[in-house]
Amino acid sequence: CITHGHMDHLAGLSYYLSQRSFQGMKAGTVLLPSELERPVDDLLRAWRNVERQGTPYQLIGMQAGQTYPVRKDFTIRALQTHHGGSSLGYSLISVREKLRQEFFGKTGPELVELKKQGVDIQYRIEVPQVTFLGDTAAGPVFDLPEVREAQILITEVTFFEASHKSRAKAGRHLHVDQFLEILPSLKNQHIVLIHVSRRTGIRKAIRILRKRAGEAAMRNIHFLMDFDEATSGGDVEDAGPPREDAPE
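Residues numbered from 1 in each chain as written. Predicted model: local features only at pLDDT ≥ 70, side-chain atom pairs only at ≥ 80, totals over all residues. Heavy atoms only, no water.

### What about the environment of Y90?
Item 1. Inspection of the secondary structure puts Y90 in strand β5 (residues 88-99).
Item 2. A relative accessible area of 1% means that Y90 is categorised as buried.
Item 3. Spatially, the C-alpha atoms of Y90 and G5 are 15 Å apart, while their sequence positions differ by 85 residues.
Item 4. If we ignore the near neighbours within four places in the chain, the residues touching Y90 are C1, I2, T3, L31, L32, P33, I76, R77, A78, V130, T131 and F132.
Item 5. Of note is the side chain of Y90, whose polar atom sits 3.5 Å from the backbone oxygen of L31. (Helix = DSSP H or I, 4+ residues; strand = E, 2+ residues; numbered from the N terminus. Buried < 20%, exposed > 50% of the residue type's maximum accessible area, 1.4 Å probe, protein only. Contact = heavy atoms within 4.5 Å. Polar contact = N/O pair within 3.5 Å; in protein donor to acceptor, adjacent residues only side chain to side chain.)

### Observations concerning the environment of F227
Item 1. Looking at where F227 falls in the secondary structure, it is placed in the loop between β9 (221-223) and α10 (235-238).
Item 2. For F227, a relative accessible area of 43% gives the class partly exposed.
Item 3. For the pair F227 and I202, spaced 25 residues apart in the sequence, the C-alpha separation amounts to 9.9 Å.

### A word on the confidence of the model for the chain
Item 1. Model confidence for the chain is summarised by a mean pLDDT of 89, while 92% of its residues fall at 70 or above.
Item 2. Segment residues 233-241 is flagged for pLDDT under 50; beyond a separation of four residues in sequence, or across chains, it makes seven contacts in the model. (pLDDT = per-residue confidence, 0-100.)

### Remarks on the pattern of salt bridges
Item 1. Summed over all chains, the structure comprises eleven salt bridges.
Item 2. K204 serves as the salt-bridge partner of E161, at 3.4 Å between the closest nitrogen and oxygen. Taken together, the residues E161 in the loop between β7 (152-156) and α6 (165-171) and K204 in helix α8 (residues 202-213) connect sequence positions 43 residues apart.
Item 3. Its relative accessible area of 17% is what places E161 among the buried residues.
Item 4. Taking the relative accessible area as the measure of exposure, K204 reaches 34% and is therefore partly exposed.
Item 5. Salt bridges sharing partners connect three or more residues here, namely R77, R124, E126 and E146. (Salt bridge = Lys/Arg side-chain N within 4 Å of Asp/Glu carboxyl O.)

### Here's the deal with the packing of helix α2 (residues 13-22) against helix α3 (residues 37-51)
Item 1. Relative orientation of the contacting elements α2 and α3 amounts to 55 degrees, with a least axis distance of 10 Å. One way to sum up the angle between α2 and α3 is to call them oblique. Considering how the two elements wind past one another, α2 and α3 form a crossing that is right-handed. Taken together, the residues of α3 that come into contact with α2 (itself represented by L13, S14, L17 and S18) are V40, L44, W47 and E51.
Item 2. The residue inventory of the contact of α2 with α3, partitioned by class, reads five nonpolar, two polar and one charged. (Axes fitted to C-alpha atoms, helices over the stretch in contact; angles between N-to-C directions. Parallel < 35°, antiparallel > 145°, perpendicular 65-115°, else oblique. Left-handed = near helix turned anticlockwise from the far one by under 90°. Nonpolar A, V, L, I, M, F, W, Y, C, P; charged D, E, K, R; others polar.)

### Digging into the side chain of S14
Item 1. Position of S14 relative to the elements: it lies in helix α2.
Item 2. Within the local environment of S14, its side chain forms a polar contact with the side chain of W47, the two groups lying 3.5 Å apart.
Item 3. Once residues within four sequence positions are removed from consideration, S14 is found in contact with L44 and W47.

### Some thoughts on unusual backbone geometry
Item 1. Positive phi is not limited to glycine here, since R172 has a value of about 55 degrees.
Item 2. With a relative accessible area of 38%, R172 lands in the partly exposed category.
Item 3. Its identity as a non-glycine residue notwithstanding, H195 has a phi of 65 degrees, on the positive side.
Item 4. Counting through the fold element by element, H195 comes out in the loop between β8 (190-194) and α8.

### Looking at the sheet that holds strand β4 (residues 74-80)
Item 1. If you walk across this open sheet you meet the seven strands as β3-β4-β5-β6-β7-β8-β9, and the pairing is mixed. Edge positions in the open sheet fall to β3 (67-71) and β9, since each of these has one partner strand only. On average, adjacent strands in this sheet sit at an angle of 30 degrees to one another, irrespective of strand direction.
Item 2. Summarising the sheet, strand β6 (residues 122-132) and β7 pair through three bridges and their orientation is parallel. Directly across from T131, in β7, lies its bridge partner L153.
Item 3. Contacting β8 and β9, α8 crosses the sheet at an angle of about 160 degrees to β9. (Pairing = 2+ DSSP bridges.)

Pasting the structure below:
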């Protein structure tokens, strides 16, 4: 599921598809914003020529609100995010059929007969399991039930320092101030934060969020790449901060 066309989210796609083919797996199916379908196809065709092999793949262009049925009991829904241009999030949804209450107590053969008669004895419920937003600013996407009620929500919070608010606005990323406003409405069992700016680093970001959100809120908030054995600075951070004009 490709969220948008920035290189840090897209550049590994051709390698992923090539490795599937190399290992004898079936062709990869790639969901992506419909506006990116043709240019991404051009990129993958170019890699076919470079590698001189016909790596197979299937691109599925998606619009916000559209669903892609993976199985009868599992679907993926695209969500409109707020990163500028074509950007989508995705919710992985468990689809379940439940017996309508008025048919409780009916025997198996009776239910079969009702179905033969065309009686709708079941209703459909959707349970969002994992929702992944990719890069996004604050906005209506955080009001969607697929976001608020997913068992696991994976969302960016790029900036944590007060002096970085202007960077968040310019890059259409989430600042911790906005995340803290959104947090009380989220009902997720676990929230995984991604895309932390290297100008801050994960360790400092954790300290800032713990101080502002409180220990109780931190029990179900996790930072991607927060390894137990990591040093206080982190290997990348020890090399020094990025240039001031470096993109996020």
